[in-house]
Amino acid sequence: MTNRLSCFKPTTVLLLVVVILCATFPASGRNITKNSNAPTKAQKFIDEYTATWNRLRYDYTQADWESNTKIVEGDNTNAKRTIAALERLTAFTGSKANIDAATKLLRNKNELTSLQIKQLERILYMAAEDPETAKDLVKQRIAAETAQTEKLYGFDFKIDGKSVTTNRIDEILRTSADLKERRTAWLASKEVGKRTKDGLAHLQNLRNATVQPLGYKSYFSYQVSDYGMTDEAMLRLVDDINRQLRPLYRELHTYARYELAKKYGVPIPDQLPADWLPNRWGQDWSAMVNVKGMNINDALKDKSPEWIVQQGEQFYISLGWPSLPKSFYEKSSLYPLPAGATYKKNNHASAWHLDNERDVRSLMSVEPNAEWYATTHHELGHIYYYISYTNPEVPPLLRAGANRAYHEAVGSLMGLAAMQRPFLEARGLAPKDAKVDQTQALLKEALQYVVFIPFSAGTMPRFEYELYSKNLPKDQYNKRWWEIVRQYQGIVPPASTEGRGEEFCDACTKTHINDDAAQYYDYALSYVLLFQLHDHIARNILKQNPHATNYYGSRAVGKFLRDIMRPGSSKDWRMVLKEKTGEDLSARAMLRYFAPLMEHLKKENAGRKHTLPEF
C-alpha cells in the first residue's frame, strides 16, 4: 500500500493546505433578514480574504512542490523558500484581525447564507492551526515539519551497504521467498526511523501547542473536529468498523499464518512476523495471492510508464470527463528519476491542486506493473475530483472533498474498478478465455481492502491518539507501537531481531506519521464509502455483479460520480451520501461484498487455531 492508497495530500509541510482543502462544516440554509447588510459585509470580507489567501497559498504550494520533487542533499534552498512562503500564508490565515472579523460576522448567522457560514467557519478552522497568538510556536512547527520531510525523503536506504530505492525494498517484500533476504530488506526499511524519532517528538509538542490556544485539547482533537466529532467519538467509530470486520480479518489472519509458514518451510507462529508480509507495515497482503488469468503484470511489463498514465486518463474521459489540461503533463513528476540524478524526490504518490483552479499535478514514480496501474487510476481520481469541484458554484474556500474521506473513497473506487476482470478484459489486459478462480480473486481483494482496516482504523489512529491526546513519552514510542500493531493487526517484529528497542521508531517510518498527521482514519472511512458507492453503481446503475463490473464508457456512472464530486464541500457530506445512495454511512456493503469469501475461509481454516488478539 505504499502507493496504492497513497494520500492526495503530499506532506504535512503541506498539512495546512490539506486542512484548507479538506475541512467540512455542516450548516443548514438560513433565511436572510430583509434589508440586512450583514450578507453584504460578510461577502466583502470573504472575497477579500479569498483573493489574498489564494495568492499566498499558490506561492506556498509551488514552493512545496519544488521541495518534494527536487531534494538535494546539503542544499536547503528549496526548504527555505517553502518555509518563507508557508510563514507568509500562516501569518495571514492565523491573523487576529481575520479571526476577529470572521467571529464577529458569524454572530449574525441567521442573516447569512449557508455558503457564507461555511466559508467563515472554514476561515476560523484554518486559523486554529496557526494562530497569531502562538506565532513563535507556529514558526518553529513549520521549520520542524520541513526538516522532518527532508530527513524522511532524503534518506539513503541501503542493503548490504549499497543504496536501494524503496521500490526495490517493496519488490523484495512482494516477491522473495528467502526469509533472510526479506528480513534484510525489512530491517533496511526501518533505519529511517532512527533518523526521524527526535523530529517526531519535537512535532508532537509543537503541533499540540499551536492548536491548544484556540480551545483544542490536542492536535488529534483538532483534526477529528473536521468531522464534527471528539477524538473519543472518532475512536469509537473506527473501533466499531474494526469489530464489524474482525471475524473476517481473523479468518484472513489465520489463513496467512498457515500459508506463509508453509511457503517459508517453518513452524506456524501465533502472530505474523512483520518480515513475512509483502508490505513494510503489514497493511496490504494482496501480493500473497497470484490469481491466474488476473495477473496483469505480464500484460504491462512491455508497456511504457507513459502508456500507464494515458490509459488512466482515457478511463476518465470514457466516463464523460474532459482530457487533462496540457499543463498536467508539463508540470507533473510522474516517473522515476533517471539513473545518476543528482537529487531525490518524495517517493510517495500524491495528487496536487496548486491554485484551486487549473494547475493540477501528480507526483508519482510510475513503472509498468499492476500496483502502479491501480495507483495511477487512484491518483487521477483525485485529479478529476479537483477538476469537478472547480466550478463557479463552489467558492475556492470550499473546493475540497465532501469530507476528507470522500477524496480517498473516489480514488480507491477507481482503483478497484480498474482491476475488475470485465474491465481488464475489455482493455486487453486480461485474456477473455482465461479461467479465473473467483474465490482466489476475491481473496486477493480482501487481502488488500479488509487487511487494510486494522491498520488504518486501528494501529494508526490509536497510536496518534496516544501520541497527541495522551502525550505518549518518546521513550515508549516503539514499545507502544508494537503493542498496538499486535493488538489490532496480529503482527509482531521479526523473530530473530531480539526485540525492537527505543533506539528505533518504527512508527516514524510511515510517511503519514511525519507529514500528514492525525488523519489516517480518513482512509478507513474512505473504504467504507468506497464499497457503498461501488455497491450502488454495480446494482443500481450498471445492473452488474459487484464482483465483476466494467465502468468503462458508462456516462451514467460518470454522472453519478460527478454529481457527488461537483459540490465539493459546499454541501454536507451526509446529505450527499443519503441523496445519491439512499443510505447513511455503513459497512454493510463491504461485508456483503466479501460474504462469499467468509464462507470459503471458514471451511479452509477448519481445524486451524485462531490466535488473533481481542481488542
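Our structure is the block above this text.
Per chain, residues are indexed from 1 in the order of the written sequence. It should be noted that, the model being predicted, local features are given only for residues of pLDDT at least 70 and side-chain atom pairs only at 80 or more, the latter also being counted only at that level, while totals for whole chains, interfaces and linings use all residues. With hydrogens and water set aside, each side-chain value is computed from the structure's full complement of heavy atoms.

Asker: Quick question: what am I supposed to make of the pattern of salt bridges here?
Answerer: Pairing between side chains of opposite charge can happen when the charged atoms of each approach one another. Criterion for a salt bridge: a side-chain nitrogen of Lys or Arg within 4 Å of a carboxyl oxygen of Asp or Glu. Under the counting rule described, the total for this entry stands at 40 salt bridges. Within the structure, one salt-bridge network assembled from shared partners comprises D130, R141, E145 and R207.

Asker: Help me understand helix α25 (residues 595–604), please; the structure alone is not making it clear to me.
Answerer: Side chains three or four residues apart in an α-helix point the same way, a direct result of the helix having 3.6 residues per turn. Throughout this description, buried means an accessible area under 20% of the type-specific maximum (1.4 Å probe, protein chains only), exposed means over 50%, and partly exposed covers the range between. A helix here means a DSSP run of H or I that spans at least four residues, while a strand means a run of E at least two residues long, and both kinds are numbered starting from the N terminus. Every buried residue of α25 is accounted for by L597, M598 and L601. Seen end-on, α25 carries its buried residues on one side only, within an arc spanning 105°. In this fold, the buried residues of α25 make contact with α11 (231–264) and α18 (438–468). The arc in question is the one traced by the directions running from the helix axis out to the C-beta atoms. The contact rule is simple, with two residues in contact once any of their heavy atoms fall within 4.5 Å.

Asker: Help me understand empty space enclosed by the protein, please; the structure alone is not making it clear to me.
Answerer: Over the atoms a probe the size of a water molecule is rolled, and this reveals where empty space is left. Method remark: on a 1 Å grid restricted to protein atoms, a set of points is classed as a cavity if a 1.4 Å probe fits but cannot get out and as a pocket if it is open with protein on both sides within 12 Å along at least five of seven lines; lining residues have an atom within 4 Å of a point. Grid points are joined across faces, edges and corners, and a volume is the space filled by probe spheres set on the points. For the structure on display, the rule yields 4 cavities of 30 Å³ or more. By volume, the largest cavity amounts to about 140 Å³. If you go around the largest cavity, you meet 14 residues; those closest to its centre are T166, R280, N347, T509 and T511.

Asker: Just to check I follow, could you spell out the packing of aromatic side chains for this structure?
Answerer: Both the distance between ring centres and the angle between the ring planes are used here to describe each pair of aromatic rings. Two aromatic rings from Phe, Tyr or Trp, using only the six-membered ring of Trp, form a pair when their centres are within 6.5 Å; if the ring planes differ by under 30 degrees the pair is stacked, by over 60 it is edge-to-face, and anything between is tilted. One pass over the structure, following the stated rule, counts 38 aromatic pairs. Each ring, one from F315 and one from Y316, has its centre 5.5 Å from the other, and the planes form 50°; the classification is tilted. Like Y316, F315 is buried. In this scheme, the term charge over a ring applies when either NZ of a lysine or CZ of an arginine sits within 6 Å of the ring centre and within 35 degrees of the ring normal. Positioned above the aromatic ring of Y219, the side-chain terminus of R207 is 5.9 Å from the ring centre.

Asker: Just to check I follow, could you spell out the layout of surface pockets for this structure?
Answerer: In this model, the second largest pocket occupies a volume close to 990 Å³. For the second largest pocket, the lining is made up of 43 residues, of which Y153, L337, Y343, K344 and K345 are closest to its centre. Those elements that provide at least two residues to the lining of the second largest pocket are α2 (38–69), α3 (77–93), α6 (135–153) and α7 (166–175). Per element, the largest residue contribution to the lining of the second largest pocket is 5 residues, and it comes from α6. Residue polarity is assigned by list, with Asp, Glu, Lys and Arg as charged and Ala, Val, Leu, Ile, Met, Phe, Trp, Tyr, Cys and Pro as nonpolar; anything else, Gly included, falls into the polar class. Of the residues in the lining of the second largest pocket, the class split is 14 nonpolar, 17 polar and 12 charged.

Asker: Looking at this structure, I do not really get the nonpolar core. What am I missing?
Answerer: For soluble globular proteins, nonpolar side chains are generally found buried alongside one another. L252, Y551 and F594 are the most contacted members of the largest nonpolar core, which has 150 residues in total. To qualify as a nonpolar core, a set must consist of buried Ala, Val, Leu, Ile, Met, Phe, Trp, Tyr and Cys residues joined through side-chain atoms within 4.5 Å. Listed in part, the 25 residues of the second largest apolar core include L86, F92, L106 and L112.

Asker: What am I meant to see in helix α23 (residues 573–581) here?
Answerer: Restricting attention to buried positions, one finds in α23 the residues W573, V576, L577 and T581. Buried residues of α23, viewed axially, fall in a sector of 95°; they line one side. Contacts made by the buried residues of α23 are with α16 (404–417), α21 (521–542) and α22 (555–565). Of the residues trailing α23, G582 is marked for its positive phi of about 80°.

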